[in-house]
Every structure is written in structure tokens, then in C-alpha cells.
Amino acid sequence: MGKDTENLSDDYKGNSADGVRRLVIPIAQGGQRLDQALSSLLPEFSRNRIQNWIRARKIAVDDAWGTTKMKVIGGESVRVEIEPDPDATPDAPEAIPLDVVYEDPMLMVINKPVGLVVHPGSGNRHGTLLNALLHRVPQVAELPRAGIVHRLDKDTSGLLVVAKTLRAHTDLVRQLQARTVKREYLALVYGEVDRPGTVDAPLARDPHNRTKRTVHSSGKEAVTHYDVVERFPGITLLRCRLETGRTHQIRVHMQHVGHPLVGDTVYSAGRRGHLKIPFPRQALHAEKLGLVHTVTQEFVQWECPLPPDFASLLHALREDTDWVK
């Protein structure tokens, strides 16, 4: 064998240790490049970091070193040696109040308020959900992204789940991949939607603006189901169910079918028509969250009410007899 596919030593065949992940490539990912498949299985790490680990011989496939050009067929056993990000700056614990809907030794369910950023990033190194978690549950510092397995946009309110142990983190990531995590959102959109529907349109990074997403054939699979909850002249309240969980998925999908979200200055800035509701953020709320509990293996579900600004907007629409149908 060549130098990139030589057999691994017995040191790499023992039980998993700290910093090591053992994965099996799903059959459905057959035909993908190794780095592409692993970026789906390890969403907490960037594709670039995974490629660097492959080059550094930190990733093995069926007891042989992986390569950046390798394609998987599905069913392979993969060993990943997780290395700390040398460019990462340790995040500071901060005493930020959290609205905890549920908590046990394995996980937390949080009702995220509008304006709270989930992950630290450029311009948002402090005051995030991650900083708050490090203060409330210090042990999550040992977990990828402090146990955060999915996210909500800064100006989207509602429920998200956080793992408190590596076991729970691994289980929740697998559930998200298997689509057993149920997420329902309330979304107020422009236009009168007359029937339920599904948007099945792949999403990719917008080539003209890296902070945005767009529908593109080269993108990742994205599926959103929606039902009509309530109609107003020129506006509809929808309940959206995510089958996948891509960045800005509901916002982009609803724009794609001609019904951008009320208040969404990013994806409805160019909408045509005279109707424009003065709402300072996208009218989107993660109302329900359900999953299979890591320990009990029972399906559990939580629900949280609309935040005051969203609730007040709906109340105003209902009370105005010139608006309500």
C-alpha cells in the first residue's frame, strides 16, 4: 500500500479514549468524499478542520489512513482523533440568566430569547448562550461547542436542546442526523397561503454574500413542511416542521416560494407589494421540540409560548377589524 493507505498499528484498534470518535459511515452517504461525509457526522467541526485532520493522519477508515480525495461507499468504520483548534480562544463563563424549560443530568432544554446569540463569533465574543452555559454547567467545556447541537438565529426565539454529557451529545447528534428530533416553528409570512405544503429545495451558501443562504442544486438537502394556522389579509401564520436543519432554512424556503417572513430584512428586503409590517426582526419562533431521551429512550416533547413582541403583533392583527378575515 502507499503511504496514505498503509495499515494502522495496533495502537489504533483499542477502545475509544478521550478525544477519539468512532463512527460508521451511513449507507446513504455512499459516493461522497470522506471529508464531506464526516462534516455531516461531525457538524460541530468545519470541513477545513476535518481536511486538516485527514492530511495529518488523524482519521482512519477501516484501519487505513484516510485521504482527502477518498470516496466512501457506506458501512466503513472511521476513527477520528479530535485535536483542539490551535486558533481557538477559550470562551469565558458569564452569569447570563437562562429560561430553562427542562433539565436533568443529561440535557437541558432552553427557551432562547430574541437577541441572544448562540455561539461566540466575530463581533460576538461575549454575552452568548455558550458563555451562559459555561457558567451554569461548567462541565460542558469538555464537550464540542459546550454541548450545543443545533442553533437558532439571534433574532429567532424559542426552544433548543443542549447536551450536558458526551453520551447525550453523541446521541442527540445522531438523532438530528436520523431526523428523530421534531422541531416546529410559528412563522408569520407575507401573502395569503391557502393550503399546507412542503418545500424540498437544497440550500447552499450564497456566492455573493457568505452570511446568507440560497436555494441551489449543489447545496445540502433541505425539507420544510408547513401548515396554515391563521390567515389575515396579505399575511399568514404558518406552523413549519423541519425535516432537516440547515442554516436559515425556514427563512430561505419561505422566500423561495414567495412568502418571506415578516420582519426579515435579509430575505424579504426586495419583496414587492405595498404591504409591509413594521416588525423589528423575523417573525419566527421555535414553539415545539421533541426527541428520544438518551436514558429512558422515551419520546419527550416541550412547548413554549410566543414571546411578548410576537404575541402583541398577532393580537394587533386580530383586533383590527380591517385586517382580520
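Owing to the predicted nature of the structure, the values given are computational and were not obtained by experimental measurement. (Residues numbered from 1 in each chain as written. Predicted model: local features only at pLDDT ≥ 70, side-chain atom pairs only at ≥ 80, totals over all residues. Heavy atoms only, no water.)

Visitor: Tell me about the overall build of the chain, and please be specific about residues and values.
Guide: Along the chain, the regular secondary structure elements total six helices and 15 strands. Taken over 325 residues, the chain has a buried fraction of 46%. Pairs at least 24 residues apart make up 64% of the contacts formed inside the chain by residues separated by at least 6 positions. Surface summary for the chain: the accessible area is close to 16600 Å², and the carbon and sulfur share equals 49%. (Helix = DSSP H or I, 4+ residues; strand = E, 2+ residues; numbered from the N terminus. Buried < 20%, exposed > 50% of the residue type's maximum accessible area, 1.4 Å probe, protein only. Contact = heavy atoms within 4.5 Å. Areas by Shrake-Rupley, 256 points an atom, 1.4 Å probe, with all protein chains shown as cover.)

Visitor: Could you give me a rundown of helix H1 (residues 34–41), with the residues and numbers involved?
Guide: Burial within H1 is extensive, with six of its eight residues counted as buried. When we look at burial in H1, the residues that qualify are Leu34, Asp35, Ala37, Leu38, Ser39 and Leu41. Along its buried surface, H1 packs onto strand S1 (20–24), helix H2 (47–55), strand S2 (59–61), strand S4 (77–81) and helix H4 (166–178).

Visitor: Describe the sheet that holds S1, listing the residues and the values that go with them.
Guide: In sheet architecture, strand pairing relies on hydrogen bonds along the backbone and comes in two forms, parallel and antiparallel. Read across the open sheet, the four strands follow the order S1-S4-S2-S3; overall the sheet is antiparallel. Whereas interior strands pair on both sides, the edge strands pair on one side only; in this sheet they are S1 and strand S3 (64–65). Strand direction decides the pairing type here: S1 and S4, joined by five bridges, are antiparallel. Across the sheet, residue leucine 23 finds its bridge partner in S4, namely valine 78. (Pairing = 2+ DSSP bridges.)

Visitor: I'd like to hear about the environment of histidine 293, residue by residue, with values.
Guide: In this structure, histidine 293 sits in the loop between strand S14 (284–292) and strand S15 (299–303). Classification of histidine 293 by relative accessible area gives buried; the value is 6%. Residues histidine 293 and methionine 106, spaced 187 residues apart in sequence, show a C-alpha to C-alpha distance of 8.9 Å. With near-sequence residues (within four places) excluded, histidine 293 lies in contact with Tyr102, Asp104, Met106, Leu107, Glu298 and Val300.

Visitor: Which residues make up the confidence of the model for the chain, and what are the values?
Guide: Detailed reading of the predicted coordinates is not advisable wherever pLDDT is low. Summary statistics for the chain give a mean pLDDT of 87 and a share of 88% for residues scoring 70 or more. Element-level pLDDT for the chain is lowest in strand S11 (residues 209–215), with a mean of 88, against a maximum mean of 98 in S14. The low-confidence segment residues 1–17 (pLDDT under 50) makes 29 contacts with residues lying over four places distant or belonging to another chain. (pLDDT = per-residue confidence, 0-100.)

Visitor: Would you mind going over the packing of aromatic side chains in detail, with residue names and values included?
Guide: Applying the stated criterion to the full structure yields three aromatic pairs. With a centroid separation of 5.1 Å and 70 degrees between ring planes, the pair formed by phenylalanine 45 and tryptophan 53 is classed as edge-to-face. The pair phenylalanine 45 / tryptophan 53 is uniform in exposure class, with both members buried. Here the aromatic rings of tyrosine 102 and tryptophan 302 are separated by 5.3 Å at their centres, their planes lie at 40 degrees, and the arrangement is tilted. Placement of the pair is tyrosine 102 in strand S5 (residues 100–103) and tryptophan 302 in strand S15, with a sequence separation of 200 residues. Accessibility expressed as a relative area gives 28% for tyrosine 102, which makes it partly exposed. (Phe/Tyr/Trp six-rings, centres within 6.5 Å; stacked < 30°, edge-to-face > 60°.)

Visitor: Could you give an account of unusual backbone geometry, with specific residues and numbers?
Guide: At aspartate 63, a position not held by glycine, the phi torsion is positive, near 65 degrees. Along the chain, aspartate 63 turns up in the loop between S2 and S3. According to the relative accessible area criterion, aspartate 63 is partly exposed, its value standing at 36%.

Visitor: Mind laying out the side chain of glutamine 51, listing which residues take part and the relevant values?
Guide: Within the fold, glutamine 51 resides in helix H2. On the basis of relative accessible area, glutamine 51 is assigned to the buried category, the value being 19%. Non-local contacts of glutamine 51, meaning those with residues more than four positions away in its chain, are made with Arg33, Asp35 and Thr68.

Visitor: Got a sec to walk through the pairing of strand S8 (residues 182–190)? Specific residues and values, please.
Guide: The side chains of a regular strand alternate between the sheet's two faces. Within S8, eight of the nine residues are buried, which leaves the element mostly enclosed by the surrounding structure. Where S8 and S14 come together, six bridges link them in antiparallel fashion. The residue of S14 that forms the bridge with lysine 182 is glycine 290. As paired elements, S8 and strand S13 (residues 235–242) share seven bridges and run antiparallel to each other. Looking across to S13, one finds that tyrosine 190 is bridged to isoleucine 235.

Visitor: Quick one: what's the story with the pairing of strand S10 (residues 203–206), residue by residue and with numbers?
Guide: Summarising the sheet, S10 and S11 pair through four bridges and their orientation is antiparallel. Within S11, the residue paired with leucine 203 across the bridge is valine 215. Between S10 and S11, which pair antiparallel one after the other, the connecting turn spans two residues.

Visitor: Residue-level account of the side chain of histidine 225, with values.
Guide: With respect to the helices, strands and loops of the structure, histidine 225 is situated in strand S12 (residues 223–232). Apart from the residues lying within four places of it in its own chain, the contact partners of histidine 225 are Gly197, Thr198, Arg239, Cys240, Arg241 and Glu243.

Visitor: I'd like to hear about helix H5 (residues 249–256), residue by residue, with values.
Guide: Taking burial as the measure, the eight residues of H5 include six buried ones, the bulk of the element. Along H5, the positions that sit buried rather than exposed are Gln249, Ile250, Arg251, Val252, His253 and Met254. Phi for glycine 258, located one or two positions after H5, is positive at around 85 degrees.

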